[in-house]
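Structural overview for review
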Amino acid sequence: MTEAPARCGWANGEPAYLAYHDREWGRPEGNETKLLEKLCLEGFQSGLSWATILRKREGFREAFAGFEAERMAGFGEAEVERLLGNPGIVRHRAKILAAIGNARALRAMHEKGESLAALAWSFEPPPEERPAAMTADWLRANPISPRSAALSKALKAKGFAFVGPTTCYAFMQSEGIVNDHLDTCFCRAGCEAEREAFIRPK
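Here we summarise the structure given alongside this text. It should be emphasised that the depicted structure is a prediction, and the values quoted were computed from it without experimental measurement.

1. Brief notes about the packing of helix α2 (residues 32-45) against helix α7 (residues 93-111)
- Between α2 and α7, the least distance of the axes is 10 Å, while the angle of their chain directions is 150°. Relative to α7, the element α2 is oriented roughly antiparallel. The handedness of the crossing between α2 and α7 is right-handed. Taking contact as the criterion, the partners of Glu32, Leu36, Cys40, Gly43 and Phe44 in α2 are, on α7, Lys95, Ile96, Ala99, Asn102, Ala103, Leu106 and His110.
- Residue classes in the contact of α2 with α7 are distributed as seven nonpolar, three polar and two charged.

So, in structure tokens, the structure goes:
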């Protein structure tokens, strides 16, 4: 039997979790729709497990118009009531309103010629702010960072909600703005290579 590759400790044996860890988490992203999706899903995850969100991910995409900002931004009270009755998502009024508000905030940025990608990546920490070795102990001791706190403040100033420093750090991890795969994880080198080749949005 082939031995399973070493992974980060949180990557349990559930197929959706493994696929997310191996193919997505920590890999650099600059697509506006995908970034909005992840930011909204991180907000919905607050107080819940990420496994719950992954299981409902396709339901979220269907319910929120594929997380296309222009379409989501037009949602009104009728859509909110529809979403509150949708078992395929997390039915939490404040989080639903935050997701719609986030789409409106992103639309406003686009109207000004700004992008979420450029804003998020502007908070990428320089190498000297990163640990020499990525360990589970370091991650447990650093659930937020000065950069995630600053990103949180910047997003709130743009009108985004459910974007506290912890949520923003999880967003930075998932979108490859930081590479927090453990040194022992087989994905770390590949993610770092993708980060080196990635053209930062401006």
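On we go from here.
2. A short note on the packing of helix α10 (residues 146-157) against helix α11 (residues 165-174)
- At their nearest, the axes of α10 and α11 sit 8 Å apart, and the two run at 105° to each other. As judged from the angle between their axes, α10 and α11 are roughly perpendicular. Between α10, through Arg147, Ser148, Ala149, Leu151, Ser152 and Leu155, and α11, the contact on the second element is made entirely by Pro165, Cys168, Tyr169, Phe171 and Met172.
- Its residues assigned to classes, the contact of α10 with α11 shows eight nonpolar, two polar and one charged.

3. Some remarks on the layout of surface pockets
- Size it by volume and the largest pocket reaches roughly 640 Å³.
- In terms of lining, the largest pocket is formed by 22 residues, of which the most central are Trp10, Trp25, Tyr169, Ala170 and Gln173.
- Taken together, the residues that form the lining of the largest pocket break down as 12 nonpolar, eight polar and two charged.

The rules behind the values
- Sequence order as written defines residue numbering, which begins from 1 separately in each chain.
- Where totals are concerned, whole chains, interfaces and linings use all residues; where local detail is concerned, this predicted model gives features only for residues with pLDDT of at least 70, and gives and counts side-chain atom pairs only at 80 or more.
- Calculation of side-chain values draws on the structure's entire complement of heavy atoms; hydrogens and water are dropped beforehand.
- Only the stretch in contact is used when fitting a helix axis, every axis being a line fitted to C-alpha atoms; angles between N-to-C directions are given from 0 to 180 degrees.
- Runs of E in the DSSP output that reach at least two residues are strands. Runs of H or I that reach at least four are helices, and both are numbered from the N terminus.
- Small angles under 35 degrees read as roughly parallel and large ones over 145 as roughly antiparallel, with 65 to 115 read as roughly perpendicular and the rest as oblique.
- Left-handed describes a crossing whose near helix is turned anticlockwise from the far helix by less than a right angle; the clockwise case is right-handed.
- Contacts are assigned to residue pairs with any non-hydrogen atoms lying within 4.5 Å of each other.
- Classes in brief: Ala, Val, Leu, Ile, Met, Phe, Trp, Tyr, Cys and Pro nonpolar; Asp, Glu, Lys and Arg charged; the others, Gly included, polar.
- Think of a 1 Å grid over the protein atoms and nothing else: a 1.4 Å probe that fits but is trapped marks a cavity, an open set flanked by protein within 12 Å on at least five of seven lines marks a pocket, and residues with an atom within 4 Å of a point count as lining.
- Grid points are joined across faces, edges and corners, and a volume is the space filled by probe spheres set on the points.

Scope: geometric values only; no functional claims are made or implied.
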